[in-house]
Amino acid sequence: MAFTSNLKKVELLVDDVLVLSFVKKAAEPRPMSFANNLYSLTSPNNIFTLKTVAVKAIQLDVEVKVDGAKDLQQFSAFMRIATASLAVKAATGLVRDMERTTKKKPPSTTEMHMMCSNFDEYESSAAVREKSSMFDALLPAPSAQGRIFIGFPTQQTTGGSPHLMAHLIPTVERESIDFVDPTLNTWNQELLSMGGLLSRMIFEDDLSEIDRLYSAMGAQNDPAASTWLYKKAAHTMTSFHFKPSTPSTLVSRIIGTYFLSRCSKPLSIMSSLGVRDATYVRLPDENMSGFIKNVPVVPTVIIEQCGDMLKSLEAKGLLRKIGISDVWQELSDRPLTETETVGLMQWWLQYTRTHAFSDNDVQTLLRSAVMTVTSIGNEGAAPVTVRPLSSIQFHAPRHLVPADLPIPDSCLPQTVSHHFKKEDLEGHLRFPWSELPLSIWAEYVVHEEAFSSDSGFVERVLAVLSRHVGSMRLKTRQDVISLLKSVKCIPTAQGLFKPDDSYFSKVTLFPDLPIVHLANQKAVSESFLKLLGVREHVELQLVFSRIKTLNWDHMQLIKYLGTCTLKPEETERLRVTAIFPKEPAPGVAPSRERFRADSLYSPDPKLKFRDLGLPVMRWEGKWRPTANEAEVLKRLGLRDFIPIDELIALAAAGSPAVRKDVLSVFVERYKTIYAALYRPREINTPFLPTTAGPLAVPSGCCADPAAAVMGFAILHPDWTAEKDKFGVRDHPTPSALIERLLEVPPDNAAAPATFSYMQTRSAEFSGAHWALLGTKKFVPTEGQPTTWMDPRSVYFGTATESLYGMHFTYVDFGVSANPFLRACGTREEPTPAELTRSMVATPETYLESLGHEKYLDMLRTVATNFAQLKGDSTLLRDMQAKAWLIGVGASNQSGDETREGVHYVKLARADEIFLIDDITVNQLFAPLGAPPDELLEQFYEQLGSKWLATMVRTEELPRGNQIVTAESKALQKLIRERALLLLYDGQAIRSGKDVVRSNAETLLEKLNVVQVSEIQVVRKFQQRTSTQLTTACIRFDSRTRSNWLFVVKDFDTFDIARAIGQVVLRNCRLKDSLLLSTLLSTSLENLRRKGFPVDRILRLSDNKIRNAQVHAEKQLPPPGSNDTLANAPLVPSKSPVGSLSDLAMLRQLFPDADQQHLQRELAEASSQGQGVDDVAAKMLDAPYPKRRESDKQLAPITPSSGSPISANDGVLGLFGKAKDRIARDGLGGLMNLAQETLSGSSSPTFNPANAGPANLSTHSTEALRNHLEKSVSTLRGTRESAFKATIATDQPPSAPPAPTPYTSQCNAPAASDLVLSATVAGIPVYTDRAVTAQDTQEMLETHRMDVAGFVNMHLALANVFGASMQTIHIYWDRDGGTIAFNRGRTLFFNLRFYISLHASMRKQARQSQTQPLALPGAWNQPAREQAVSPGTDHPDTYYYWFFTWCHELAHNFVGEHDSAHEYWMSSFAELYMGKLVRTLRRAGIEE
């Protein structure tokens, strides 16, 4: 009905009763004018063109019964309809297609109608909408959507609130617009675009009307009008904001798009200044609302109701938020009021916190912002000044300057500044502002007119400055004080005065003075007035000038001064003026003499100055120490204590009673006064009483009476409790003690007490002190007169007890004194260097006092430490040049050169003594020779001694015809057959320089033997010649390049052995000749019985024969007997190498050799065309790699049923059986086991009878016992600082022949050097050289108790065996499997095994049983013969190490672990087991 042109009225009757009536009234259409250049009047494809637009108002009167009412109710609804006339110009194709689709051509013109309402029309129709919802579809709300009409309504909405009726072509269902058909889609979209254009024209027309009303009504200054107009605009803007339409959103997109794009002018919207183009309007910032006035912003009502439209415009870039450029524009347009300035600053403060800005922005703001400032007291009046913000430098908070006081123009008005915090003004705003300095404010305010005439104004100014003077900076305070001192600023009863001319109210001495007069006495502080210079008292000059008119005495002056605050210069003037009398002595009239205050003492009776006779100030009345008068006198110098120097002088010069009183005063007032003044080390005047009588200074006496032994004064006992106050030490300082000791060294009587006292103070001595004491002579020696020596030149003990008593000085001052000397450097015994130096200097006295045997022992000691001693070049030269070495000579008086004669010893140089390596030469020429000791021979050789053989020229001359006889043939055959046996050294009796030559076997095999009638030996030595006959000699024939052995008919095998030894050995000695002689003269059976491995050695020859036979016959004959092999000729053929039989043969010959090494040797020999015999010869001549323990598979040896211990058991097996027998049968079982071991052993390779007599008897048993004991007595000790831990077995010639050796040996730590690290109870402790000194010390400290227990146990075992403690040596290594070893009859035991196996079994030893560890390298005094406690180890520990002793003692006879070794070990166990048991029982270790 709204869109119809002719229908005016509609009535609805129900049963002839009117229930609804519509009457439409339409006003005359109003043509809408529009500028053609602003709008694009054609559709995008030029199909439609807008010609005219007319708008007419519609009023719809409605009568209706509502909610069952009886009568009709009348309402009116208002709206408007805009009709657009459109010209249609369709293309031919479009016309054809539409005609085909719609069955008719498109019209040439058409109309489009749009129904909408403005704010007033919509509000006027509110009654209709409230009564019935049937009208909601007629008048949609601004936020609702209108519909598309095509003569009747469809379901398609427009997106905005207006209804649209146009010639749109619907779908077949006629419910929506057809956008499917291409032709209809083009028509409908073109027509809808014209709907967008029409909407924009209606929108702009409505807003232009609102803008006209805004200007006509002056709405900018009329809140009511502006509010109404804002609502009108919000209604229109909301109505024409196109939201997504339904069911097709394409409709709203097309209308909304062309709503904005069909007009070249920006969209108009409502702003705070009226209707403006959207590009000139800004979305507001709440923080800017306080000062933004000229920039158009979107009103709040518009924002609240049109939020969606504004967001859409902002997203399209048609609208933006207000920014800083808009602020610059606002500030450039006008000055701001103080309130607006506050808003501007608040916005800027918030902006700096949320936005990035530059220094240029800050400067632009300060230059642009201008504010108007009103005068103080004219609040609300017109601005009187205009100030740019750039001129502001300070701000003045109201707590600093009250609002009623003026501030300079460079200061921000307080009406503005009080809205901000101090940190905002000075920091967050980024403005160069600071708090107004009071000096600048004071400079400004004193020039105000009121300051020179208004006392109240001046008082308010002073109150401000007084309140803040304490918080002012020093420079500010000085400027303010200086300024005020120069002006009249002190209110008085007589007016304003300068501070220097004014006085405080308490100055009442003269009534005509200008006294400070303030209305509020608390407003201005007294301290501030004092700073200004207001006087607290009358000047002394004024007082002195009026002194005659005052009629005063000193008491009156003191009381006056007590009320004043004196300046320093005034106080100093009073200090130097003599105006005070002193108190007269009792019975003496007062004197008129005056004194300075610092010459008198306080009249306080508690201080007892009168009792000491000191001058006291005369005082009338009661003395009050806390009164003002007393304080004034103290400042003037009145004494309330005795100065420390006067007190000391008074105590030193006074009587004992006075001294006691003076010292009592010192003690009583020490904490309060004298503690800070007293310097005891600087006092040189004696004033302290001592026990001896004379006075002493604090540094010259001590509190402890023990210091008297050193001659120090002792503080009197009455004052000992106060020693700390007097600065008296309990004991002298270390430096003082040393100085006194060196000045007055003690004699023998005083030395024990002196050194004992020094020991008590030793903890305070430093390393420098000890070093100094070690070089000074203060140790007294026996004899008269007393002489003193330095502690490093004396030794502990007595001359009678020490071995070197006649040659060194020994002292003993007791157990409490000796530790002090030990710390100074005194030792128990001389060091090796000291002993050697002394021996070299006076060898005759040593030899005379000790005898040559002990002298030789000392030489062995020196030789043991020669590695260290030779580092001293001076000592080494003396050792080489002095005649201090023992040489052994023989005097042959019988003339028989074959007899030795009488031996003698003589001291000689090393180059005068010869090393005897040829007994025959020695017997012939009897030179001075070295003692027959290998250690000494090495030592002598290092000092320059020569081997005798090298000094003798020997020539052997065969005489007669050289013939080959049967005897020579037999001898040649024997030598060749036994070549390997002659070269055998299984017992290792040859030293390193006596080893067999590499080609020795070849030399023996090619040796030719011939017989001559006579052989002469001519020897020349030191101009002496000797000619003798011999039975054999060897000569080398250079023509045949072979050796020839010449023998006589009745030759001696010893001569033959000596001759052979000269060829095959590098250094043939007597023992080598004897051995070779034995091997040549003894049958194989006897050699086999004596323990020589004949079968094994000669088996090599057997193998050579076999190889030759295999090579010739390709088969092995059955083995022959040893005699057959010995007599068979040697065939010098070489067989090929490499077969399994060859490898098996070598493994049989060398069972301990590494198998891979054997294979490599066989392969190398085969490549060179050599045979297996060459490989065997090579391995016999040189050492070869041994098999690892894990690779060895020893063939088991099955003992006989009656044998309790096999040869393979060793010490661990023997100990295990002993432990089991003890657990079963007790100690009796252990004794039975020892007997069984000795008598019941049945080894397949050893018979004990072979080692001793043929049959056991009482005599043979006793002989065996003596032999064992003698073997123990041959054990030796060593103190070598370092050595290579390899075993050199020393087999005595008297030892019984050893059985067939077994392959294993008792090895020392392989290729490791042992270094002497410490001594424990005289027992040396060695460690592996690879172990650092720090680790060694840590081990000794950690296992201190274990080391002591190990030493005690071995001392007990040495007592059991009757061995000297010098034979015991302990060593420790990190790893290895050696428990102990015997090195040349020197026993070493591994501490690590004891710690691992037995330390945990040992009980906690008593402190008295542990021995202190000596310093590394120290020489301890030889132990005296005494019973040694076996300690507290477990019995099993003793049994274990007892058998270890037995095991190592057996190595005195044999080097290998075989049945012979087992025999000797069992013999030792049987002999000493009983003594071990008795020792353990006596010690309570074994029950």
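Residues numbered from 1 in each chain as written. Predicted model: local features only at pLDDT ≥ 70, side-chain atom pairs only at ≥ 80, totals over all residues. Heavy atoms only, no water.

1. Here's the deal with the overall build of the protein chain
Within the protein chain one finds 54 helices and 42 strands. Out of the 1487 residues in the protein chain, the part that is buried amounts to 48%. Counting only contacts in the protein chain whose residues sit at least 6 apart along the sequence, the fraction spanning at least 24 positions is 66%. Of the accessible surface of the protein chain, which amounts to about 72800 Å², a share of 51% is contributed by carbon and sulfur atoms. (Helix = DSSP H or I, 4+ residues; strand = E, 2+ residues; numbered from the N terminus. Buried < 20%, exposed > 50% of the residue type's maximum accessible area, 1.4 Å probe, protein only. Contact = heavy atoms within 4.5 Å. Areas by Shrake-Rupley, 256 points an atom, 1.4 Å probe, with all protein chains shown as cover.)

2. Section: the sheet that holds strand E33 (residues 1014–1021)
Across the sheet, which stays open at both edges, the three strands sit in the order E31-E33-E34 with antiparallel pairing between neighbours. Lying at the two open borders of the sheet, with one neighbouring strand each, are strand E31 (953–959) and strand E34 (1024–1030). Adjacent strand axes in the sheet meet at a mean angle of 20 degrees when their direction is disregarded. Across seven bridges, E33 lies against E34 in antiparallel orientation. Of the residues in E34, the one forming a bridge with Lys1020 is Thr1025. (Pairing = 2+ DSSP bridges. Axes fitted to C-alpha atoms, helices over the stretch in contact; angles between N-to-C directions.)

3. Remarks on helix H5 (residues 223–239)
Along its 17 residues, H5 runs 24 Å from first to last C-alpha, staying within 8% of the 24 Å computed at 1.5 Å per residue. Counting buried positions along H5 yields twelve of 17 residues, so the element is predominantly enclosed. If you check which residues of H5 are buried, you get Ala225, Ser226, Leu229, Tyr230, Lys232, Ala233, Ala234, His235, Thr236, Met237, Thr238 and Ser239. (Expected span 1.5 Å × (residues − 1).)

4. Description of the packing of helix H31 (residues 843–864) against helix H35 (residues 934–943)
One way to put it is that H31 packs onto H35 with a least axis distance of 9 Å and a crossing angle of 65 degrees. Crossing geometry of H31 relative to H35 is assigned as left-handed. Residue-level contacts link Leu856, Leu859, Arg860, Val862, Ala863 and Thr864 of H31 to Leu935, Leu936, Phe939 and Tyr940 of H35. Residues that form the contact of H31 with H35 fall into these classes: eight nonpolar, one polar and one charged. (Left-handed = near helix turned anticlockwise from the far one by under 90°. Nonpolar A, V, L, I, M, F, W, Y, C, P; charged D, E, K, R; others polar.)

5. Focus: the packing of aromatic side chains
Considering all chains together, one arrives at 49 aromatic pairs under this definition. Each ring, one from Tyr795 and one from Phe808, has its centre 5.4 Å from the other, and the planes form 90 degrees; the classification is edge-to-face. In this pair, Tyr795 sits in strand E25 (residues 794–796) while Phe808 sits in the loop between E25 and strand E26 (809–811), placing the two residues 13 residues apart along the sequence. Directly above the aromatic system of Phe712 lies the positively charged group of Arg740, at a separation of 4.1 Å from the ring centroid. (Phe/Tyr/Trp six-rings, centres within 6.5 Å; stacked < 30°, edge-to-face > 60°. Lys NZ or Arg CZ within 6 Å of the ring centre and 35° of its normal.)

6. Remarks on unusual backbone geometry
With an omega of -5 degrees, the peptide bond between Thr246 and Pro247 qualifies as cis. Positioned with a positive phi, Asp15 is a non-glycine residue whose angle comes to about 55 degrees. Its place among the elements puts Asp15 in the loop between strand E1 (9–14) and strand E2 (17–26). One non-glycine residue with positive phi stands out, namely Asp16, at about 60 degrees.

7. Let's talk about the sheet that holds strand E36 (residues 1042–1047)
Here we have three strands laid out as an open sheet, ordered E32-E36-E35, and mixed in their pairing. Here the strands that pair on one side only, and so sit at the sheet edges, are strand E32 (1008–1011) and strand E35 (1032–1037). Pairs of neighbouring strands in the sheet enclose a mean axial angle of 30 degrees, with direction left out of account. Here E35 pairs with E36 via six bridges, running antiparallel. Directly across from Ala1032, in E36, lies its bridge partner Val1047. Those strands touched by helix H37 (residues 966–977) are E32 and E36, and its axis lies near 155 degrees from that of E32. In the packing of helix H40 (residues 1053–1064) onto the sheet, the strands contacted are E35 and E36, and the crossing angle to E35 comes to about 30 degrees.

8. Re the environment of Phe22
With respect to the helices and strands, Phe22 occurs in strand E2. Separated by 41 residues in the primary sequence, Phe22 and Glu63 have C-alpha atoms spaced 6.8 Å apart.

9. Re the pattern of salt bridges
Here the structure, examined in full by the defined rule, presents 41 salt bridges. The partner of Glu121 in a salt bridge is Arg80, with the nearest N and O atoms 3.1 Å apart. Taken together, the residues span a long stretch of sequence, with Glu121 in helix H2 (residues 119–124) and Arg80 in strand E5 (residues 73–88) at a distance of 41 residues. When sorted by exposure, Glu121 lands in the same class as Arg80, which is buried. Connected via shared salt-bridge partners are Arg200, Glu204, Lys265 and Asp277. (Salt bridge = Lys/Arg side-chain N within 4 Å of Asp/Glu carboxyl O.)

10. Quick word on the nonpolar core
Leu50, Met112, Ile269, Met270 and Ile302 are the most contacted members of the largest nonpolar core, which has 67 residues in total. Sort the elements by how many residues they give to this core and helix H4 (residues 182–217) lands first, with 14 residues. Ignoring sequence-local partners within four residues, the contact set of Met112 consists of Ala82, Thr83, Ala84, Leu86, Leu164, Met165, Ala166, Leu191, Met194, Gly195 and Leu198. With 58 residues, the next largest nonpolar core counts Ala1356, Trp1372, Cys1446 and Ala1450 among its residues. (Core = buried A, V, L, I, M, F, W, Y, C linked by side-chain atoms within 4.5 Å.)

11. Comments concerning the pairing of E1
Looking at chain direction, E1 and E2 are connected through six bridges and run antiparallel. By the bridge assignment, Leu12 is partnered in E2 with Leu20. Hairpin geometry of E1 and E2 is characterised by an intervening segment of two residues between the two adjacent antiparallel strands and by a positive phi of about 55 degrees at Asp15.

12. Some remarks on the environment of Val458
Looking at the element boundaries, Val458 is found in helix H15 (residues 455–468). The spacing of Val458 and Pro491 is 33 residues in sequence and 7.8 Å in space, taken between C-alpha atoms. If near-sequence neighbours (up to four positions away) are discounted, Val458 is found in contact with Ala450, Phe451, Cys489 and Leu496.

13. So, helix H50 (residues 1333–1342)
Note that an α-helix has 3.6 residues per turn; residues three or four places apart therefore point the same way. Buried within H50 we find Thr1336, Met1339 and Leu1340. Seen from one end, H50 has its buried residues packed into an arc of 95 degrees, which puts them on one side. Set apart from the buried face of H50 by more than 90 degrees, the exposed residues are Gln1334 and Thr1342. (Arc of directions from axis to C-beta.)

14. Some details on the environment of Ala77
Inspection of the secondary structure puts Ala77 in strand E5. Sequence separation between Ala77 and Val62 is 15 residues; the distance between their C-alpha atoms is 7.7 Å. Beyond its immediate sequence surroundings of up to four residues, Ala77 is in contact with Ile58, Gln59, Leu60, Ser125, Val128 and Leu139.

15. Focus: the confidence of the model for the protein chain
Taken over all residues, the pLDDT of the protein chain has a mean of 80, while the share at 70 or more is 81%. Considering each helix and strand of the protein chain separately, the mean pLDDT is smallest for helix H44 (residues 1122–1127), with a value of 34, and largest for strand E6 (residues 109–116), with 94. Here residues 1102–1140 is a poorly scored stretch, pLDDT under 50, and it has 47 contacts once near neighbours within four places are set aside; other chains count. In the model, residues 1403–1431 has pLDDT below 50 throughout and makes 58 contacts with residues more than four positions away in sequence or in other chains. (pLDDT = per-residue confidence, 0-100.)

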